[in-house]
2 protein chains.
Amino acid sequence: MIKVVKIGGNVVDNEELLSAFCAQFAALEGPRVLVHGGGVMASRLQEKMGIPARMVGGRRITDEATLQIVTMVYAGWCSKHICALLQKAGCNALGLSGCDGDILRAAKRPPISVEGREVDFGQVGDVRKESVNGAALRKLIDAGFTPVINAINHDGSGHLLNTNADTVASSVAAALGAELIICFEKSGVLLDKNDDATLIARIDTEAYRRLLAEGRIDGGMLPKLENAFKVLSQGVPKVVIQHSSAPLGTSGTSICL
Amino acid sequence: MIKVVKIGGNVVDNEELLSAFCAQFAALEGPRVLVHGGGVMASRLQEKMGIPARMVGGRRITDEATLQIVTMVYAGWCSKHICALLQKAGCNALGLSGCDGDILRAAKRPPISVEGREVDFGQVGDVRKESVNGAALRKLIDAGFTPVINAINHDGSGHLLNTNADTVASSVAAALGAELIICFEKSGVLLDKNDDATLIARIDTEAYRRLLAEGRIDGGMLPKLENAFKVLSQGVPKVVIQHSSAPLGTSGTSICL
């Protein structure tokens with residue numbers, strides 16, 4: 001079974017974390033796909049260029065100048081730096097935006113209401129399971145390449161669009177019927193976010209209902225779990241939430257229906 | 001036969017020229033590879049970020065900050081912008097740096113003597129025919145993708161290196177035994193660089209010797225022709241030098257042994 005692994009900008013931007021992660025990813029057996037962010041570095045470059053990052057509800061507003069910057073950062077430096085490190089580790093990585101091989105098309109997000117006011121996010125695209133060209137990704141995997149996907153997409157009409165790397169990872173996993181491994185800075189789903197000893201090793205639908213009813217899940221974990229169960233309902237057999245430096249797929253919290 | 005087409009930074013940086021070129025490239029029949037530069041935009045971004053471009057003998061000195069910038073520009077914005085335009089035109093483009101699928105490895109250039117003084121070009125790599133992973137490129141082409149290659153390479157030890165796009169194009173063409181089409185802003189090899197009517201349609205070894213002996217070739221054309229005959233001696237069957245907006249491979253100057 002294919003495994004789709006997601007890392008965020010905080011890992012990509014930290015040489016020590018990134019190097020530890022690349023070693024784990026290269027050691028993973030079988031067909032696999034990496035989806036990565038790069039938001040930390042993008043915000044820094046925006047600052048440097050005098051275009052401060054504008055976020056609404058945790059999401060980046062992407063005007064034309066910002067689109068150029070995030071494309072340069074995600075598809076340029078982050079993608080190629082990660083691929084060079086993975087090649088060194090013996091993994092035949094191949095960096096991809098949605099326009100590459102038409103693997104992923106996004107639809108420009110219309111202005112939406114956020115916290116009571118209408119927000120135009122600009123050159124931002126949304127993706128879902130149906131946006132993914134699973135046949136193209138399988139061709140690349142079958143030819144021996146390991147897709148390394150960033151959050152830059154295209155609309156099929158010549159325009160690039162900035163998308164959310166988490167949604168890209170979920171959509172790709174759903175389209176491929178792949179296991180989804182979400183890496184972050186904690187060891188998994190914790191009852192107490194400050195105590196690694198409160199790690200829950202396995203959560204199924206019944207356990208999730210019980211934990212919810214008892215109010216025992218940390219607030220910061222709720223969106224991650226909600227998203228995991230959403231993805232499971234879309235044909236992903238298993239979601240793992242874990243630390244980026246731990247063995248992939250066999251540590252952290254395993255979530256099934 | 002595969003065709004390798006090269007465009008420079010002046011085409012990539014000009015929306016009108018780029019769009020005309022993409023239409024021609026998409027219309028080209030049979031397997032093809034695009035190699036592109038992006039130096040004009042890289043120099044502009046360097047200026048903006050307060051790191052002025054330093055060139056010696058027409059070649060960019062690449063320190064760590066400059067490497068990040070050229071990687072962002074060539075492999076990020078230029079590569080993805082071109083691929084989105086080609087996808088729109090119906091060509092299944094796939095943007096690649098050397099690290100992607102390990103298609104091209106470069107060796108870091110040792111300090112060399114330029115105009116009498118020793119110059120360390122920094123994070124710069126040199127490539128030749130043997131640097132190209134022809135099997136990987138053929139796999140991608142056979143799977144229906146059109147490789148779009150930029151000048152960022154890796155050394156196999158986790159480091160990215162800036163290379164020269166002309167040399168990348170020549171090396172890829174030689175490794176694939178492909179026809180090489182070099183696009184620039186003139187209609188081909190001209191006897192008088194200011195007069196398109198002086199276009200030479202075909203040059204073989206004998207004609208080249210005669211033109212050289214008679215001193216009839218414009219000085220600016222000499223390096224292009226020298227390079228063409230060098231590439232022909234490495235197994236490339238034909239080199240075409242032509243305008244980027246003209247039909248590819250059937251206009252301009254055709255050069256054979």
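Residues numbered from 1 in each chain as written. Chains lettered and ligands numbered in written order. Predicted model: local features only at pLDDT ≥ 70, side-chain atom pairs only at ≥ 80, totals over all residues.

### Section: the sheet that holds strand E14 (residues 202–203) of chain A
All names here are of chain A.
And step 1. Spatially, E5-E10-E2-E1-E13-E15-E16-E14 is the arrangement adopted by the eight strands of the open sheet, whose pairing is mixed. At either margin of the open sheet sits one strand with a lone partner, and together these are strand E5 (93–96) and E14.
And step 2. In the sheet, strand E15 (residues 239–243) pairs with strand E16 (residues 253–255) via three bridges, with the strands oriented antiparallel. From the neighbouring strand, Val-240 faces E16, where its bridge partner is Ser-254. (Pairing = 2+ DSSP bridges. Helix = DSSP H or I, 4+ residues; strand = E, 2+ residues; numbered from the N terminus.)

### Re the relation of the copies chain B and chain A
And step 1. Aligned on chain A, chain B shows an RMSD of 0.0 Å; the corresponding rotation is 180° and the shift along the axis is 0.0 Å. Both copies are brought into coincidence by an operation consistent with a two-fold rotation axis. In terms of C-alpha distance to the rotation axis, chain B has Gly-76 of chain B as its closest residue, with the C-alpha 1.8 Å off the axis.
And step 2. The fraction of interface residues of chain B whose copies in chain A are also interface residues reaches 100%, indicating that both copies meet through the same surface. (Least-squares fit on C-alpha atoms with pLDDT ≥ 70 in both. Contact = placed C-beta atoms within 7 Å.)

### What about the interface of chain B and chain A?
And step 1. On the side of chain A, 34 residues touch chain B, which itself brings 34 residues to the contact.
And step 2. Of all elements in the fold, only helix H4 (64–88), strand E5 (93–96) and strand E11 (152–154) of chain B reach the threshold of two or more residues within the side of chain B that touches chain A.
And step 3. In terms of residue count, H4 of chain B provides more of the side of chain B that touches chain A than any other element does, 14 residues in total.

### Observations concerning the pairing of E5 of chain B
Residues and elements named next belong to chain B.
And step 1. The alternating pattern of E5 places Ala-93 and Gly-95 on one face and Leu-94 and Leu-96 on the opposite face, and all of these are buried.
And step 2. Note that E5 and strand E10 (residues 146–149) share four bridges and pair parallel. Its bridge partner being in E10, Leu-96 is matched across the sheet by Ile-149. (Buried ≥ 20, exposed ≤ 12 C-beta atoms within 10 Å, placed from the backbone.)

### Focus on the sheet that holds E5 of chain B
All names here are of chain B.
And step 1. Taken together, the eight strands give an open sheet; going across it, the order is E5-E10-E2-E1-E13-E15-E16-E14, and neighbouring strands pair in mixed fashion. Pairing within the sheet leaves two strands with one partner each, and these edge strands are E5 and strand E14 (202–203).
And step 2. As paired strands, strand E1 (residues 3–7) and strand E2 (residues 32–36) are joined by five bridges and run parallel to one another. When the sheet's bridge partners are listed, Val-4 is paired in E2 with Val-33.
And step 3. Docked against the sheet, H4 engages E2, E5 and E10, running at close to 170° with respect to E5. (Axes fitted to C-alpha atoms, helices over the stretch in contact; angles between N-to-C directions.)

### Concerning the domain arrangement of chain A
Residue and element names in this part refer to chain A.
And step 1. Its domain assignment divides chain A into domain 1 (3–19 + 30–174) and domain 2 (186–257).
And step 2. Here the C-alpha centroids of domain 1 and domain 2 sit 24 Å apart.
And step 3. At the interface, nine residues of domain 1 touch nine residues of domain 2.
And step 4. Mapped onto the side of domain 1 that touches domain 2, the elements with two or more residues apiece are strand E1 (3–7) and helix H6 (165–176).
And step 5. Looking at the side of domain 1 that touches domain 2 residue by residue, the classes come out as six nonpolar, one polar and two charged. (Domains from an automatic or database assignment. Nonpolar A, V, L, I, M, F, W, Y, C, P; charged D, E, K, R; others polar.)

### Structural notes on unusual backbone geometry
And step 1. Of note, the phi angle at Asp-102 of chain A is positive, near 55°, even though the residue is not glycine.
And step 2. Note that Asp-102 of chain A resides in the loop between E5 and strand E6 (107–108).
And step 3. Overall, the presence of 19 C-beta atoms within 10 Å leaves Asp-102 of chain A in the partly exposed class.
And step 4. Within the chain, Glu-115 of chain B stands out as a residue other than glycine whose phi angle is a positive 50°.
And step 5. Tracing the backbone through its elements, the reader meets Glu-115 of chain B in the loop between strand E7 (112–114) and strand E8 (117–119).

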